[in-house]
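Structure at a glance
Chain by chain, the residues run as shown.
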Amino acid sequence: KKEEMELGEKTPATPKPTVTFRPMTLRVSVGCDVKVALELYARVDMDGCTWTLETNKDKQNEKVLVITCEKSECVTWPRIVT
């Protein structure tokens with residue numbers, strides 16, 4: 001079984017973000033603005049990467065973007081990014 005890593009980022013309810021997965025990078029854009037651009041510590045399996053928008057429990061008009069990535073290899077990452 002492969003391990004996963006998960007991260008969350010607060011985002012406005014609209015417009016919806018665009019999430020781009022690559023084996024060694026992760027990018028989140030809202031409209032033309034790049035909100036997150038990460039070079040990952042190690043490779044992820046792009047077929048095992050997903051994202052969801054969840055309602056912030058404290059602020060109903062705010063969403064939390066939850067990103068889950070499946071690691072290509074079952075190893076402990078000392079950090080998410082390089």
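Up top is the structure.
Here's what I pulled together on the structure shown here. Everything quoted here is computed from the prediction, not taken from an experiment. (Residues numbered from 1 in each chain as written. Predicted model: local features only at pLDDT ≥ 70, side-chain atom pairs only at ≥ 80, totals over all residues. Heavy atoms only, no water.)

1. Things to note about the overall build of the protein chain
- The number of helices and strands found in the protein chain is 0 helices and 6 strands.
- C-alpha extents for the protein chain along the principal axes are approximately 35 × 25 × 20 Å.
- Per-residue burial over the protein chain gives 30% buried out of 82 residues.
- When contacts within the protein chain are restricted to residue pairs at least 6 apart in sequence, those whose partners lie at least 24 apart make up 57%.
- Accessible surface computed for the protein chain: about 5,600 Å², of which carbon and sulfur atoms make up 48%.
- Side-chain charges of the protein chain comprise 13 positive and 13 negative groups, with the mean position of each set lying 3 Å from the other. (Helix = DSSP H or I, 4+ residues; strand = E, 2+ residues; numbered from the N terminus. Buried < 20%, exposed > 50% of the residue type's maximum accessible area, 1.4 Å probe, protein only. Contact = heavy atoms within 4.5 Å. Areas by Shrake-Rupley, 256 points an atom, 1.4 Å probe, with all protein chains shown as cover. Lys, Arg positive; Asp, Glu negative; His and termini not counted. Charge placed at Lys NZ, Arg CZ, Asp CG, Glu CD.)

2. Some details on the nonpolar core
- Residues Val 19, Phe 21, Leu 26, Ile 67 and Cys 69 are the most contacted members of the largest nonpolar core, which totals 14 residues.
- Of all the secondary-structure elements, those providing two or more residues to this core are strand E1 (4-12), strand E2 (18-21), strand E3 (25-30), strand E5 (44-55) and strand E6 (62-71).
- Tallying contributions element by element places E6 first for this core, with 3 residues.
- Those residues within four positions of Cys 69 in sequence are excluded, and the remaining contacts are Glu 3, Glu 4, Met 5, Phe 21, Val 44, Gly 48 and Cys 49. (Core = buried A, V, L, I, M, F, W, Y, C linked by side-chain atoms within 4.5 Å.)

3. Considerations on the side chain of Thr 11
- Along the chain, Thr 11 turns up in strand E1.
- Those residues within four positions of Thr 11 in sequence are excluded, and the remaining contacts are Val 30, Leu 53, Glu 62, Lys 63 and Leu 65.

4. So, the pairing of E2
- The side-chain alternation of E2 yields one buried face, formed by Val 19 and Phe 21, and one unburied face, formed by Thr 18 and Thr 20.
- Taken together, the 4 bridges between E2 and E3 define a ladder with antiparallel strand orientation. The residue bridging Thr 18 from the neighbouring strand is Ser 29, located in E3.
- The antiparallel pairing of E2 with E3 creates a hairpin that spans 3 residues between the two strands. (Pairing = 2+ DSSP bridges.)

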